[in-house]
Amino acid sequence: MYINDIRGLAIIPAKTDSTRLKKKNLRVIAGKTLVEHALDYATESELIRHIVITTESDEVKELTKKYKYNNVFVFDRDEGYMGEREVADVYVNVANEFKRDYENLFLEVTHIVGIQPDHPDRQTNADELLQYAVTNKYDDLVTVDSSGTRNGAVRITQKQFVESGMMSRRVGSFLDDCTNIHSEDDLKQAEINIESKK
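Within each chain, residue numbers correspond to sequence positions counted from 1 in written order. With pLDDT at 70 or above as the cut-off, local features in this predicted model cover only qualifying residues; side-chain atom pairs require 80 or more to be listed or tallied, and sums for whole chains, interfaces and linings still use all residues. As a rule here, side-chain values come from all non-hydrogen atoms in the structure, and water together with hydrogens is ignored.

(A) Focus on the packing of aromatic side chains. Within 6.5 Å between ring centres, the rings of Phe, Tyr and Trp (the latter by its six-membered ring) count as paired, and their orientation is classed by plane angle as stacked under 30 degrees, edge-to-face over 60, tilted in between. Under the defined criterion, the tally for this structure stands at 7 aromatic pairs. Geometrically, the ring pair formed by Tyr132 and Tyr138 is tilted, given 5.8 Å between the ring centres and 50 degrees between the ring planes. An aromatic cluster of at least three residues, connected via ring pairs, comprises Phe73, Phe75, Phe98, Tyr102 and Phe106. For a lysine, the NZ atom is tested; for an arginine, the CZ atom; a charge sits over a ring if that atom is within 6 Å of the ring centre and within 35 degrees of the ring normal. Between the NZ or CZ atom of Arg122 and the centre of the ring of Tyr41, over which it lies, the distance is 4.7 Å. The ring of Phe106 is capped by Lys159, whose NZ or CZ atom sits 4.6 Å from the centre of that ring.

In structure tokens:
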């Protein structure tokens, strides 16, 4: 697949039944709600073609109206996908709803881009992540923090795995800041790293 062939479908789960921080997706920082930050992140992408907000909240639905010309769709969040449900289940459910309701649009989609609203200060744009996933031929790519912990800010999965429901529910990642040997300098750096452990 070439970069120009990428067609993303962003799914933004925007429920308001948070238990730890009430209505956190509607909290305002830097002049916008977390939902608006997620929508801005998605609409700034050239590779994301369609965006689905899934919510049970009339307040969230109202916020999305100013994005109506950016291929933004609002889906009612199914009751069974509320609470502490695995977000991968939400992505599968919403992708299949989109396929049912907008089959012709879904046919062009190559990747599902899950965007969690509660990570408004993302450091990497969606196009860079999509390109990285395609270039490295990843089936599933998740963002991690500096300690290697999956943070869920963005998850990119090839469409066929979401569509079939075969999307992994528990994806792990581990940051190992080791040296990938490609040159003499790399060899020297690896030796320095090994020696520093002694």
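Anyway, onward from the coordinates.
(B) Here's a closer look at the side chain of His37. Helix and strand definitions here come from DSSP, where helices need a minimum of 4 consecutive H or I residues and strands a minimum of 2 consecutive E residues; each element is numbered from the N-terminal end. Residue placement: His37 occurs in helix α1 (residues 34-43). Each polar contact in these results corresponds to two N or O atoms within 3.5 Å; when the atoms are within protein, one needs to be able to donate a hydrogen and the other to accept it, and residues that are neighboring in sequence are counted only if both atoms are side-chain atoms. Side-chain polar atoms of His37 contact the backbone oxygen of Ile29, separated by 2.8 Å. We call two residues in contact whenever any of their non-hydrogen atoms come within 4.5 Å of each other. Those residues in contact with His37 that sit more than four places away from it in its chain are Ile29, Ala30, Lys32 and Pro120.

(C) View of helix α5 (residues 126-135). Accessibility here uses a 1.4 Å probe with only protein chains present; expressed as a share of the type maximum, an area under 20% marks a residue as buried, one over 50% as exposed, and anything in between as partly exposed. The set of residues buried in α5 consists of Ala126, Asp127, Leu129, Leu130, Ala133 and Val134. In an axial view of α5, the angular spread of the buried residues amounts to 160 degrees, which keeps them on one side of the axis. Structurally, α5 contributes buried residues whose contacts are with α1, β4 (48-55), β6 (111-115), β7 (140-144) and β8 (150-158). Where α5 starts, the residue carrying a side-chain oxygen 3.1 Å from the main-chain nitrogen of Asp127 turns out to be Asn125. Once α5 finishes, Lys137 follows within two positions and takes phi at roughly 55 degrees, a positive value. The directions from the helix axis to the C-beta atoms form the arc being described.

(D) Highlighting the pattern of salt bridges. Salt bridge criterion: a side-chain nitrogen from Lys or Arg within 4 Å of a carboxyl oxygen from Asp or Glu. The tally for this structure, following the rule as stated, stands at 10 salt bridges. The partner of Lys66 in a salt bridge is Glu36, with the nearest N and O atoms 2.5 Å apart. Linking Lys66 in the loop between α2 (58-64) and β5 (72-76) with Glu36 in helix α1, this pair joins segments that are 30 residues apart in sequence. The exposure class assigned to Glu36 is buried, which follows from its relative accessible area of 8%.

All we've got here are geometric facts, nothing functional implied.
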